[in-house]
Amino acid sequence: MLAVGWLFLFSVLMAAGLLFTMVFFIIMFSDLECDYINPIDLCNKLNQFVLPENIAHAFLTILFLLSGQWFAFLLNLPLVLYNVNKIRNKNHMYDATEIFRTLSGHKKESFMKLGFYLLSFFYYLYRCVVLSQVSYGNSRDSRMIVALISESE
């Protein structure tokens, strides 16, 4: 039980980092729209974060798989598969020559990922709080909560 609590605490921190990354992407796309930054600088800044973001999310998903947290794993799996598909098709990096043509799609993707990471953040935080209450309390209610959580997964 203790290891799962640490996993969800780590997940909260990872989700916060991924949230900040998506906010940075959205701000940079807005700066490009307002012509505060040129396309080459934008792509150079964002491309250095694309693979680390995908790797961090995939690592977190693998941790959920290895620890047997099936709901969290299945929650993260579609985005990981989407990212793997983009990398396999070599469509994961931003191209300065096509950024204006594809800007609306990139912004939509960033907003969708932002929403996903935000929901994930609160789910991980909820699980972390529940698991910390359960591990510190040995009452009958705590055992019922553990039974309900394990039944839901």
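So, how was this worked out
- Counting from 1, residues in each chain are numbered in the order their sequence is written.
- Confidence filtering applies because this is a predicted model: local features only for residues at pLDDT of at least 70, side-chain atom pairs given and counted only at 80 or more, and all residues used for totals across whole chains, interfaces and linings.
- Only heavy atoms go into the side-chain values, all of them from the structure, while hydrogens and water stay out.
- Basic side-chain nitrogens of Lys or Arg form a salt bridge, by our definition, when they fall within 4 Å of a carboxyl oxygen of Asp or Glu.
- Helix numbering and strand numbering both begin at the N terminus, where a helix is a DSSP run of H or I of at least 4 residues and a strand a DSSP run of E of at least 2.
- Confidence scores here are pLDDT values: one per residue, from the predictor, ranging 0 to 100.
- Here a helix's expected span is defined as the number of its residues, less one, multiplied by 1.5 Å.

Turning our eyes to something else, we now look at the pattern of salt bridges. Any two side chains of opposite charge can pair if their charged atoms end up close together. For the coordinates displayed, the defined rule picks out five salt bridges. Across the pair Arg101 and Glu98 runs a salt bridge, and its minimum N-O distance is 3.0 Å. Each member of the salt-bridge network shares a partner with another, and the members are Glu53, Lys86, Glu109 and Lys113.

A separate point is unusual backbone geometry. Phi is positive for Asp35, close to 65°, though the residue is something other than glycine. Secondary-structure assignment places Asp35 in the loop between helix H1 (2-33) and helix H2 (39-67). Unlike most non-glycine residues, Lys90 shows phi in positive territory, near 55°. The topology assignment puts Lys90 in the loop between helix H3 (70-88) and helix H4 (103-136).

With that settled, the discussion passes to the confidence of the model for the protein chain. For the protein chain, per-residue confidence averages 88 on the pLDDT scale, and residues scoring 70 or more make up 87% of the total. Put simply, helix H5 (residues 140-152) is where the protein chain has its lowest mean pLDDT, 59, and H3 is where it has its highest, 95.

With 32 residues, H1 extends 47 Å between its outermost C-alpha atoms, agreeing within 8% with the 46 Å of an ideal straight helix rising 1.5 Å per residue. After H1 finishes, the residue Asp35 shows a positive phi value of roughly 65°.

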